[in-house]
Structures are given as C-alpha cells and as structure tokens.
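Coordinates in review
Each chain, written out:
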Amino acid sequence: MKKLEMLYEGKAKKVFKTEDEKRYVIEYKDDATAFNGVKKGTIVGKGVINNKMSALLFKMLEEKGIPTHFVELLSNREMLVKDVQILPLEVIMRNVAAGSLAKRLGLEEGVVMKTPVLEFCYKNDDLGDPMINEYHIRAVELATDDQVEKVKEYAFKINEILIDFFKERDIKLIDFKLEFGLHDGEVVLADEISPDTCRFWDANTNKKLDKDRFRRDLGDVEEAYNEILGRLQ
Ligand code: UDP
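Nothing here was measured: the structure is a model prediction, and the numbers come from that model. (Residues numbered from 1 in each chain as written. Predicted model: local features only at pLDDT ≥ 70, side-chain atom pairs only at ≥ 80, totals over all residues. Heavy atoms only, no water.)

Now for the overall build of the protein chain. Assigned secondary structure in the protein chain consists of six helices and 14 strands. For 233 residues, the compact-globule estimate of 2.2 N^0.38 gives 17 Å, and the protein chain sits close to it at 17 Å. For the protein chain, the spread of C-alpha atoms along the three principal axes comes to 50 × 40 × 35 Å. Per-residue burial for the protein chain yields a buried fraction of 51% across its 233 residues. Sequence separation of 24 or more characterises 56% of the internal contacts of the protein chain that already satisfy a separation of 6 or more. Carbon together with sulfur atoms contributes 49% to the accessible area of the protein chain, which is approximately 11400 Å² in total. (Helix = DSSP H or I, 4+ residues; strand = E, 2+ residues; numbered from the N terminus. Rg over C-alpha atoms; globule rule 2.2 N^0.38 Å. Buried < 20%, exposed > 50% of the residue type's maximum accessible area, 1.4 Å probe, protein only. Contact = heavy atoms within 4.5 Å. Areas by Shrake-Rupley, 256 points an atom, 1.4 Å probe, with all protein chains shown as cover.)

So, on to the nonpolar core. The biggest cluster of nonpolar side chains holds 55 residues, and the ones touching the most others in it are Ile158, Leu162 and Phe180. If one sorts the elements of this core by residue count, helix H4 (residues 145-167) sits on top with nine residues. Not counting residues up to four positions away in its chain, the partners in contact with Ile158 are Leu61, Ile66, Phe176, Leu178, Phe180 and Leu189. (Core = buried A, V, L, I, M, F, W, Y, C linked by side-chain atoms within 4.5 Å.)

You can see Ala98 is positioned in the loop between strand E9 (89-96) and helix H2 (99-105). Taking the C-alpha atoms as reference, Ala98 lies 4.7 Å from Glu109; in sequence the two are 11 residues apart. Setting aside chain neighbours within four positions, we find Ala98 in contact with Glu109, Ile174, Asp175 and Arg199.

A word on the sheet that holds strand E3 (residues 23-28). Sheet architecture is open: five strands sit in the order E1-E2-E3-E7-E6, paired in antiparallel fashion. The open sheet is flanked by strand E1 (3-9) and strand E6 (70-73), the only strands paired with a single partner. Across the sheet, the mean angle from the axis of one strand to that of its neighbour is 30 degrees, orientation sign disregarded. Note: E1 against strand E2 (residues 13-18), four bridges, orientation antiparallel. (Pairing = 2+ DSSP bridges. Axes fitted to C-alpha atoms, helices over the stretch in contact; angles between N-to-C directions.)

When the terminal C-alpha atoms of H4 are compared, their 33 Å separation across 23 residues agrees well with the 33 Å that a helix rising 1.5 Å per residue should span. For H4, the set of buried residues is Gln147, Val148, Val151, Lys152, Tyr154, Ala155, Ile158, Asn159, Ile161, Leu162, Phe165 and Phe166. (Expected span 1.5 Å × (residues − 1).)

Our focus in this paragraph is the confidence of the model for the protein chain. Atomic detail in the predicted coordinates should be set aside for any region of low pLDDT. Put simply, the protein chain has an average pLDDT of 98, and 100% of its residues get 70 or more. Ranking the helices and strands of the protein chain by mean pLDDT puts E9 first, with 99, and E1 last, with 96. (pLDDT = per-residue confidence, 0-100.)

Structure, rendered in structure tokens:
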C-alpha cells in the first residue's frame, strides 16, 4: 500500500496515511531518546528490530484473542496498521522492581512483585508523562470507564501471555509499557512492543537486554537488541 503524507512523527516512529483511510503505515526509526527526550542518540538497526519484533508479538497476541492494530509487515522498517485514535494513557505492567518503581518504593532492582502491578501514566510529553490513577482518568475524561476496564483486562492477559512466551526463550519480562487505541470504537492494542518499551533480563545471567543499556550507558546496545530478536525468531 502506498504511503501518502506523514500524519505524525514521534521519537521512534513516523506514521503515514495511505490510500485506504482505514490503514496507516508505521515506519520505525533508529533514533533513541530517554529521560523524556533529554538524552538522544542512535541505536543502529533498532528500527528494523523493533518493527519485526512488534509484528511477531502482535501476531501472536491476536492469535490468543487480543485485538491489535497490526495488519501486516510491509518491509524491514514498515508495518501496515489499522487507523486508531490513541488513548492518552501509558499502561505499565510490572513483574519485577526496576526503574522508577524501584525508586518510588525504595526497592532493590530485581525484587519480584507478589502480584503484577499495573500503573497508568498520562501520555503528555510537556508534563513528563505523570503517573495517574483511574480517578484522574475519569475526572478529566481521558477514557471512559468501559475503555479503562477493557485496557486493564487486556493488559493483565497480555502480561501472562508475554511472561510465558519470553520464559520459553530464557528471558525474564521485568516490566513493559503498552498503549491502546480506538478502532471503529473498539479498544485495540497499538504502538509497539520492543526492547524500547520493555525491560528484558537474561534468565540465567540477569544481563539487561533492552533500552536500559542505552539509558545507563552500559554498552553493547545494538548487540542486546539483536540478541532479543534472535531468541524470538
Ligand atoms: N516505558 C516506556 N516509555 C516511557 C516510560 C516507560 O516504554 O515513556 C517503559 C520502560 O521501558 C519500562 C517500563 O515502561 O519497561 C517502566 O518504566 P519506568 O517507569 O521504570 O521508567 P524509567 O525507568 O524508564 O524512567
């Protein structure tokens, strides 16, 4: 499908209209940012890896009953997706303490949560994506109660599916961020699932195989992204 004008350019992706008004093309870039855009860089080949990995995971999740925006892989860096209106929420699922949760609760990174933790952030770069709860969502109408219920149901189900999927590949799923959108009025999983948006640790060595290598200047960034995709294919 032919790409028409660009609708939107984000930090890691561009979104284009197509001849079909119900379909968009997402193009994945190698640009990397962290700390709300303060740290900038390039992870060579990241766009290709995140595109392929997201495609593979969206397909697998669809087969297990989660509606997603994914339609088909178009090229190394491009996928065709359904047009969605993104809900202004970042949905974070956590299985093990890391990053901001470890800080907030004063926990050592690596402490296993007794039950999965779901957090909402308001997707707003100017405000630095602040953490919010369901009362904020209702009070300023970021989503309806029915949409929030669907989002929560899908997020927990996705977490269970992904934990098992990665475990079979010797990867611990520490935490991850999801975004949902509305397509024909229905809640569907959108955005991406990749080492940019998840924390993955090697099951045997706990080596970080995700964007923390870039955030924290740990080196071997490209190698980590390649390693993860390699284990999935
Ligand atoms: N995350 C993300 N985008 C964001 C914030 C977080 O993809 O804007 C992901 C991040 O990669 C991690 C999880 O959500 O897998 C939890 O991130 P955390 O709140 O610990 O934030 P960070 O340590 O990145 O500030």
